[in-house]
Amino acid sequence: FYWAKANKREKAKRFDVAVEEELMGKRAPEDSELCWLYKNQYEFHIKKWVARFPRKNMLFMIYEEWTDPQGDGLKHLEEFLDLEIGSLVEQYNENFNAKEWINVLRDRKPPRYKPLTRRLRTQLEDVFAPDKAYISTLLNRDIPAWEIQE
């Protein structure tokens, strides 16, 4: 949302307004690429892939898990692709130019996102609850990163 707003593609002034428009049907995926809820309703999208391809050929990774510095990172992907464990990290490190990134990031100010209102947070939890349950069932496990944080 904030990227689209900064690039003058998003007309709504606030995220909650954009979400409300989508919930009220004023934004539909057929008419707008700026459907923030639709893009993140995984069940709808994944079911299309599961219907077309064998499940054994799919690996679903939870972003919050593979980017967690305390987690296994890309280990699950390496295992799935039958790669040597640690090889993706090695390849990444070989191709990563830290000095270049430091220069890029030095002058950037991190975006400040306003916290979600309790009402919007509850609304989003309700919207995404079926998707969270679907993914949890598909993976046959709980996803602690998606638990409600108070």
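Here, the structure is the one placed above.
No experiment lies behind these values; they were computed from the predicted model shown.

Brief notes about a nonpolar patch on the surface
Here is step 1: Taken together, the side chains of Leu-59, Phe-80, Leu-81 and Leu-83 make up a nonpolar region of the molecular surface, amounting to roughly 310 Å² of accessible area.
Here is step 2: Within the secondary structure, Leu-81 sits in the loop between helix H6 (75-80) and helix H7 (87-95).
Here is step 3: A relative accessible area of 45% places Leu-81 in the partly exposed class.

Points about the nonpolar core
Here is step 1: Counting 13 residues, the largest nonpolar core has Phe-1, Phe-15, Val-19, Trp-36, Leu-37 and Leu-124 as its most contacted members.
Here is step 2: Looking at this core, the elements with two or more residues in it are helix H2 (15-23), helix H3 (36-39) and helix H9 (118-139).
Here is step 3: For this core, the leading source of residues is H9, giving four residues.
Here is step 4: Other than its neighbours up to four places away in sequence, Phe-15 contacts Phe-1, Tyr-2, Trp-36, Leu-116, Leu-120 and Leu-124.
Here is step 5: Counting residues in each nonpolar core, the second largest holds seven residues, with Tyr-134, Ile-135, Ile-143 and Trp-146 among its members.

What about the layout of surface pockets?
Here is step 1: Estimates place the volume of the largest pocket at around 800 Å³.
Here is step 2: Residue lining of the largest pocket: 19 residues in total, with Asn-40, Glu-64, Leu-124, Phe-128 and Trp-146 positioned closest to the centre.
Here is step 3: Among the elements that take part in the lining of the largest pocket, H9 stands out by supplying six residues, more than any other.
Here is step 4: A class-by-class count of the residues in the lining of the largest pocket yields eleven nonpolar, two polar and six charged.
Here is step 5: Computed from the structure, the second largest pocket encloses a volume of approximately 290 Å³.
Here is step 6: Forming the walls of the second largest pocket are Phe-1, Tyr-2, Lys-13, Arg-14, Phe-15, Asp-16, Tyr-113, Lys-114, Pro-115, Leu-116, Thr-117 and Leu-120.

Considerations on the packing of H2 against H9
Here is step 1: Between H2 and H9, the shortest axis-to-axis distance is 11 Å and the interhelical angle comes to 40°. It follows from the interaxial angle that H2 and H9 lie oblique. The handedness of the crossing between H2 and H9 is left-handed. Here Phe-15, Asp-16, Val-19, Glu-20 and Leu-23 of H2 come into contact with H9, specifically with Arg-119, Leu-120, Gln-123, Leu-124 and Val-127.
Here is step 2: Of the residues contributing to the contact of H2 with H9, the split by class is six nonpolar, one polar and three charged.

Re the packing of helix H4 (residues 42-52) against H9
A pair of packed helices can be characterised by two numbers: the angle between their axes and the separation between those axes.
Here is step 1: For the pair H4 and H9, the least separation of the axes is 8 Å and the interaxial angle reads 40°. Contacts between H4 and H9 involve Tyr-42, Glu-43, Phe-44, Ile-46, Lys-47 and Val-50 from the first element and Pro-130, Asp-131, Tyr-134, Ile-135 and Leu-138 from the second.
Here is step 2: Each residue belonging to the contact of H4 with H9 can be placed in one class, and the counts come to eight nonpolar, no polar and three charged.

Section: H2
Within an α-helix, residues lying three or four positions from one another point in the same direction, as the helix has 3.6 residues per turn.
Here is step 1: Buried within H2 we find Phe-15, Ala-18, Val-19 and Glu-22. The arc enclosing the buried residues of H2, seen along the axis, measures out at 95°, which places them on a common side.
Here is step 2: Lining the buried residues of H2 we find helix H1 (2-6), H3 and H9.
Here is step 3: Once H2 finishes, Gly-25 follows within two positions and takes phi at roughly 85°, a positive value.

Conventions we followed
Per chain, residues are indexed from 1 in the order of the written sequence. Reporting in this predicted model follows two pLDDT cut-offs: at least 70 for local features of residues, and 80 or more for side-chain atom pairs to be given and counted; totals over whole chains, interfaces and linings ignore these cut-offs and use all residues. For the side-chain quantities, the full set of heavy atoms in the structure was used; hydrogens and water were omitted. Patch membership requires over 30% relative accessible area and the absence of a salt bridge. Like charges are linked within 9 Å, and nonpolar side chains (Val, Leu, Ile, Met, Phe, Trp, Tyr) within 5 Å. For accessible areas, the Shrake-Rupley method is used with a probe of radius 1.4 Å. Any residue's cover is judged against the shown protein chains and nothing else. Throughout this description, the term salt bridge denotes a Lys or Arg side-chain nitrogen within 4 Å of a carboxyl oxygen of Asp or Glu. Runs of H or I in DSSP of at least four residues are treated as helices and runs of E of at least two as strands, each being numbered from the N terminus. Three exposure classes are used, based on accessible area relative to the maximum for each residue type with a 1.4 Å probe and protein chains only: buried under 20%, partly exposed in between, and exposed over 50%. We define a nonpolar core as any set of buried Ala, Val, Leu, Ile, Met, Phe, Trp, Tyr and Cys residues linked to one another through side-chain atoms lying within 4.5 Å. Contacts were defined at the residue level, with two residues in contact if any of their heavy atoms lie within 4.5 Å. Cavities and pockets were defined on a 1 Å grid built over protein atoms only: a cavity is a set of grid points that admits a 1.4 Å probe from which the probe cannot escape, a pocket is an open set flanked by protein on both sides within 12 Å along at least five of seven lines, and lining residues are those with an atom within 4 Å of any such point. Grid points are joined across faces, edges and corners, and a volume is the space filled by probe spheres set on the points. Ten residues, namely Ala, Val, Leu, Ile, Met, Phe, Trp, Tyr, Cys and Pro, are considered nonpolar, four, namely Asp, Glu, Lys and Arg, are considered charged, and the remaining ones, Gly among them, are considered polar. All axes are obtained by fitting lines to C-alpha atoms, using only the stretch in contact for helices, and the reported angles, taken between N-to-C directions, cover 0 to 180 degrees. Here is the rule for angles: anything less than 35 degrees is roughly parallel, anything more than 145 is roughly antiparallel, 65 through 115 is roughly perpendicular, and the remaining ranges are oblique. Should the near helix be turned anticlockwise from the far one by less than a right angle, the crossing is termed left-handed; should it be turned clockwise, right-handed. Each C-beta atom gives one direction from the helix axis, and the arc is the one those directions make.

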